[in-house]
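Survey of secondary and tertiary structure
Spelled out, the chains give:
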Amino acid sequence: MLRVYNYDSYEKYVEDQTAANKKKIHWEFKKENHVQWIKSKKLGASNIICHGTRNGGEQKVFKKYYPDAYIIGTEISETANQFDMTVQHDFTKQKSQWINKFDILYSNAFDHSFEPVETIKTWKEQLSYSGKMFIEWSGKYGQESTQTDPVSGTVQQVMDFLISQGVVIEEFNNEFGLLMCSVKNN
């Protein structure tokens, strides 16, 4: 079972996530090989969303491999407005214009979710009919939940959770800690 940090309020969650974002704002996304693997699994994509992207690094790498795609990233902090292809948005909240839109949904920030069940519900709804969800989850997320990383659990616990939410685990790349998923009856 996933462990979830218990915040005093949603406002405290946003405050803590924003503070963590600002401390790491200059960290670079150094996982181009992850996007290459995704490209090998999902050759074509017209619309791509990356959730919890801090400074837009993920979008830049996806743009390199999917140059004709519409690519957007979300970040809860107001710093999002400083970066191309990035909007300030809590990835758990649904935007009606994003429902059934994305061929690829990527995130290495699921461990930052305030409400994991609602987050996955939202993400599932954002996938297009043939869309794939790629969630990075490594052994480091198996530790205790904290204010900055509120969701924790082993890889198996995350897979069990996703399956319980109607997500199909198609493949797990152990080297990258990447789950490739789809949705039943999407």
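Preceding block: the structure.
The following refers to the structure shown. (Residues numbered from 1 in each chain as written. Predicted model: local features only at pLDDT ≥ 70, side-chain atom pairs only at ≥ 80, totals over all residues. Heavy atoms only, no water.)

**Quick notes on the overall build of the chain**
A tally of helices and strands in the chain yields five helices and nine strands. Reading the helices (α) and strands (β) of the chain from amino to carboxyl end gives β-α-α-β-α-β-β-β-α-β-β-α-β-β. Relative to the 2.2 N^0.38 estimate, which gives 16 Å for 186 residues, the radius of gyration of the chain is 15 Å and therefore close to what a compact globule would have. Taken along the three principal axes of its C-alpha coordinates, the chain extends 40 × 35 × 35 Å. Accessible surface, the chain: about 8,900 Å² in total, of which carbon and sulfur atoms supply 48%. Counting 22 positive and 24 negative side-chain charges, the chain places the centres of these two groups 4 Å from one another. (Helix = DSSP H or I, 4+ residues; strand = E, 2+ residues; numbered from the N terminus. Rg over C-alpha atoms; globule rule 2.2 N^0.38 Å. Areas by Shrake-Rupley, 256 points an atom, 1.4 Å probe, with all protein chains shown as cover. Lys, Arg positive; Asp, Glu negative; His and termini not counted. Charge placed at Lys NZ, Arg CZ, Asp CG, Glu CD.)

**Considering the layout of surface pockets**
What the largest pocket holds in volume is close to 710 Å³. In terms of lining, the largest pocket is formed by 34 residues, of which the most central are K24, R54, N108, D111 and H112. Taken together, the elements giving at least two residues each to the lining of the largest pocket come down to α1 (10–23), β3 (70–75) and β7 (151–152). Ranked by residues supplied to the lining of the largest pocket, first place goes to α1 with four residues. For the lining of the largest pocket, a count of residues per class yields nine nonpolar, twelve polar and 13 charged. (1 Å grid on protein atoms, 1.4 Å probe; cavity = no way out; pocket = protein on both sides within 12 Å on 5 of 7 lines; lining within 4 Å. Points joined across faces, edges and corners; volume = space filled by probe spheres on them. Nonpolar A, V, L, I, M, F, W, Y, C, P; charged D, E, K, R; others polar.)

**So, helix α2 (residues 32–41)**
Of all the positions in α2, only H34, V35, W37 and I38 are classed as buried. Taken around the axis of α2, the buried residues stretch over an arc of 155 degrees, which confines them to a single face. The secondary structure elements touched by the buried residues of α2 are α3 (57–65), β5 (102–107), β6 (127–136), β8 (167–173) and β9 (178–183). (Buried < 20%, exposed > 50% of the residue type's maximum accessible area, 1.4 Å probe, protein only. Arc of directions from axis to C-beta. Contact = heavy atoms within 4.5 Å.)

**Comments concerning the state of the cysteines**
Enumeration over the complete set of coordinates arrives at zero disulfides. Lacking any disulfide linkage, C50 is separated from the closest cysteine sulfur, that of C181, by 15 Å. For C50, a relative accessible area of 0% puts it in the buried group. (Disulfide = S-S within 2.5 Å.)

**Here we look at the packing of α2 against α3**
At a minimum axis distance of 10 Å, the contact between α2 and α3 shows a crossing angle of 45 degrees. In terms of axis orientation, α2 runs oblique to α3. Classified by chirality, the crossing of α3 by α2 is right-handed. Mapping the contact onto sequence places E32, V35, Q36, I38 and K39 in α2 and V61, F62, K64 and Y65 in α3. Tallied by class, the residues present in the contact of α2 with α3 amount to five nonpolar, one polar and three charged. (Axes fitted to C-alpha atoms, helices over the stretch in contact; angles between N-to-C directions. Parallel < 35°, antiparallel > 145°, perpendicular 65-115°, else oblique. Left-handed = near helix turned anticlockwise from the far one by under 90°.)

**Notes on the pattern of salt bridges**
Scanning the model with the defined rule gives nine salt bridges in all. Two residues, K12 and E15, come together in a salt bridge whose shortest N-O distance is 3.6 Å. Residue K12 and its partner E15 are both found in helix α1; the two are separated by three residues, about one turn of the helix. For K12, a relative accessible area of 27% puts it in the partly exposed group. Two residues, K22 and E78, come together in a salt bridge whose shortest N-O distance is 2.5 Å. In this pair, K22 is assigned in helix α1 and E78 in the loop between β3 and β4 (86–88), connecting sequence segments 56 residues apart. Owing to a relative accessible area of 39%, E78 belongs among the partly exposed residues under this scheme. The structure contains a network of salt bridges with shared partners spanning K12, E15 and D16. (Salt bridge = Lys/Arg side-chain N within 4 Å of Asp/Glu carboxyl O.)

Function-wise, these values are silent; they only describe arrangement.
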